[in-house]
Amino acid sequence: MVLPEDDDEERTTMIFRWWRRRVHVPTACACEPEWPGLVTELDGHRMPALPDPGGSGVLVLTLGLVAHCTGCSARYPSGWRVADRV
């Protein structure tokens, strides 16, 4: 979405609204063992995810996807990728 140049107040409001939504999401997994599984949601469909030590994949970054724990729904704080379909 492109906002008009002279509408700084609306742009600032949008940025803070986005930031507030991300601040209150827990990133510490309460499950035992930690992170039993990861899942993300795309267009209303749950998709399995896998941790990726190399960082998040291009699909994840491009679409702004977020991975959550399958047990406690905590947001996964590290790099991850969408699992391959079998």
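These figures come from a predicted structure and were not determined experimentally.

S.K.: Looking at this structure, I do not really get the overall build of the protein. What am I missing?
M.R.: Counting secondary structure elements, the protein contains two helices and four strands. In sequence order, the protein lays out its α and β elements as α-β-β-α-β-β. Relative to its full complement of 86 residues, the protein shows a buried share of 23%. Long-range pairs, those at least 24 residues apart, make up 60% of the contacts in the protein between residues at least 6 apart in sequence.

S.K.: I would appreciate a short explanation of the nonpolar core in the present structure.
M.R.: Side chains that are nonpolar tend, in soluble globular proteins, to be buried together. Ranked by size, the top nonpolar core spans nine residues in total: Leu38, Met47, Ala49, Val60, Leu65, Ala67, Tyr76, Trp80 and Val82. The set of elements that each furnish at least two residues to this core consists of strand 2 (45-51) and strand 4 (80-82). With near-sequence residues (within four places) excluded, Met47 lies in contact with Leu38, Val39, Thr40, Leu42, Val82 and Arg85.

S.K.: Could you clarify how one ought to interpret the pattern of salt bridges in this entry?
M.R.: Proximity of charged atoms lets side chains of opposite charge pair with each other. Within the structure shown, the criterion is met by one salt bridge. Across the pair Asp84 and Arg81 runs a salt bridge whose closest N-O atoms are separated by 3.9 Å. Asp84 sits in the exposed class, given a relative accessible area of 62%.

S.K.: Would you explain the packing of aromatic side chains in this entry?
M.R.: Each aromatic ring pair is summarised here by two numbers: the centre-to-centre distance and the angle between the ring planes. On inspection of all chains with the given rule, the structure shows one aromatic pair. Consider the rings of Trp35 and Tyr76, whose centres lie 4.9 Å apart with planes at 90°: the pair is edge-to-face. Taken together, the residues span a long stretch of sequence, with Trp35 in the loop between helix 1 (8-23) and strand 1 (38-42) and Tyr76 in the loop between strand 3 (68-69) and strand 4 at a distance of 41 residues. On the basis of relative accessible area, Trp35 is assigned to the partly exposed category, the value being 22%.

S.K.: Sorry if this is basic, but what is going on with the sheet that holds strand 3 here?
M.R.: Sheet strands line up and pair through hydrogen bonds in the backbone, either parallel or antiparallel. Reading across the sheet, the four strands line up as 3-1-2-4 and stay open at both edges, with antiparallel pairing between neighbours. Looking along the sheet, the strands with just one partner apiece sit at the ends: strand 3 and strand 4. In this structure, strand 1 lies alongside strand 2, joined through five bridges in antiparallel fashion. Bridge assignment links Leu38 to a residue of strand 2, and that residue is Ala49.

S.K.: I'm lost on unusual backbone geometry in this one. Help?
M.R.: The phi torsion of most residues other than glycine is negative, and most of the peptide bonds are trans. Put simply, Glu32 and Pro33 share a cis peptide bond, and its omega is -5°. Among the structural elements, Pro33 can be located in the loop between helix 1 and strand 1. Notably, Trp35 is not glycine yet its phi reads approximately 50°, a positive angle. Its identity as a non-glycine residue notwithstanding, Asp43 has a phi of 55°, on the positive side. Of note, Asp43 is situated in the loop between strand 1 and strand 2.

What counts and how
- Residues numbered from 1 in each chain as written.
- Predicted model: local features only at pLDDT ≥ 70, side-chain atom pairs only at ≥ 80, totals over all residues.
- Heavy atoms only, no water.
- Helix = DSSP H or I, 4+ residues; strand = E, 2+ residues; numbered from the N terminus.
- Buried < 20%, exposed > 50% of the residue type's maximum accessible area, 1.4 Å probe, protein only.
- Contact = heavy atoms within 4.5 Å.
- Core = buried A, V, L, I, M, F, W, Y, C linked by side-chain atoms within 4.5 Å.
- Salt bridge = Lys/Arg side-chain N within 4 Å of Asp/Glu carboxyl O.
- Phe/Tyr/Trp six-rings, centres within 6.5 Å; stacked < 30°, edge-to-face > 60°.
- Pairing = 2+ DSSP bridges.

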